[in-house]
Amino acid sequence: MKQINILLNLKRKFQRIPLRLKIWIYFVIYTIIVFVLLWFFQIMFLENFYENMKIKDVISEGQLLAEEYIHDNYDDTDYEKLLHKSSMENDMCIEIQDKYGRSIFSEKAFGDCLIHAKDGTLPLLFSKLKKSENGEILYRGKNSRNSQESFIYGKILSDGDTVYGYLFLNTTASLMTGDFVKVLVTDSNEYDLIGEMV
């Protein structure tokens, strides 16, 4: 009985609140609910969506570069320009090796990529790629120096019978083009600064 009286008193007090204030209270509650839902969906779904998108981009770019390599000569300056452009636009490190595992082309888009690390990741990936059934691998690893997640795509460059070489693409799993991060500039060339994330 006492609880019913309390509820009736609250209802009467709420009915005395002016309409503008009621609308404002409903709007604030609605806004809070929307923000909580957005935060929840971002935490639960956006990261997975971004990772899947990044993986698809790396695979499609790798297949495009492999096809261009097989149909063109790797000494061609147009192909090197394509590799450089692809590396810079997609924030990817690229390594192309000949059929003996010697580096033909190497492009660093960011400082600490796994395929250019001195820790022996590339030989491990090279052996995994040679053993793969379909001539492709997708590897997810963590850089020991900066604890950054990376995706590495590897593909055997062949036209079916003849192996011409091996392609490795490395991109980060956590940053997108346009993200702002602190970097330490370690090198430069004619048009670019090369640095490592701090």
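Our structure's up above, just so we're on the same page.
Here is a short report on the structure shown in this document. (Residues numbered from 1 in each chain as written. Predicted model: local features only at pLDDT ≥ 70, side-chain atom pairs only at ≥ 80, totals over all residues. Heavy atoms only, no water.)

1. Details of the packing of aromatic side chains
And step 1. In this structure the tally under the stated criterion is three aromatic pairs.
And step 2. Centroid distance Phe-126 to Tyr-166: 4.7 Å. Interplanar angle 75 degrees. Geometry classified as edge-to-face. On the criterion of sequence distance, the pair formed by Phe-126 in helix 4 (residues 121–131) and Tyr-166 in strand 5 (residues 163–172) is long-range, its members being 40 residues apart. Like Phe-126, the residue Tyr-166 is buried in the burial classification. (Phe/Tyr/Trp six-rings, centres within 6.5 Å; stacked < 30°, edge-to-face > 60°. Helix = DSSP H or I, 4+ residues; strand = E, 2+ residues; numbered from the N terminus. Buried < 20%, exposed > 50% of the residue type's maximum accessible area, 1.4 Å probe, protein only.)

2. Here's the deal with the pattern of salt bridges
And step 1. Under the criterion given, the structure shown has four salt bridges.
And step 2. For Arg-140, the salt bridge is made with Glu-51, and the minimal N-O distance between the two is 3.0 Å. Of this pair, Arg-140 sits in strand 3 (residues 136–142) while Glu-51 is found in helix 2 (residues 19–71), placing the two residues 89 residues apart along the sequence.
And step 3. The exposure class assigned to Arg-140 is partly exposed, which follows from its relative accessible area of 40%.
And step 4. Ionic contacts of the salt-bridge type, sharing partners, join the residues Glu-51, Arg-140 and Glu-149 into one network. (Salt bridge = Lys/Arg side-chain N within 4 Å of Asp/Glu carboxyl O.)

3. Quick word on the sheet that holds strand 3
And step 1. If you walk across this open sheet you meet the five strands as 2-1-5-4-3, and the pairing is antiparallel. The open sheet terminates on both sides in strands that have one partner only, identified here as strand 2 (103–107) and strand 3. With strand direction ignored, the average angle separating the axes of adjacent strands in the sheet is 15 degrees.
And step 2. Sheet topology note: the strand 4 (residues 149–158)/strand 5 ladder contains nine bridges and is antiparallel. Each residue of the ladder has a partner; that of Ser-150, found in strand 5, is Thr-172.
And step 3. Contacts from helix 4 reach strand 1 (92–98), strand 3, strand 4 and strand 5, with the element oriented near 125 degrees to strand 5. (Pairing = 2+ DSSP bridges. Axes fitted to C-alpha atoms, helices over the stretch in contact; angles between N-to-C directions. Contact = heavy atoms within 4.5 Å.)

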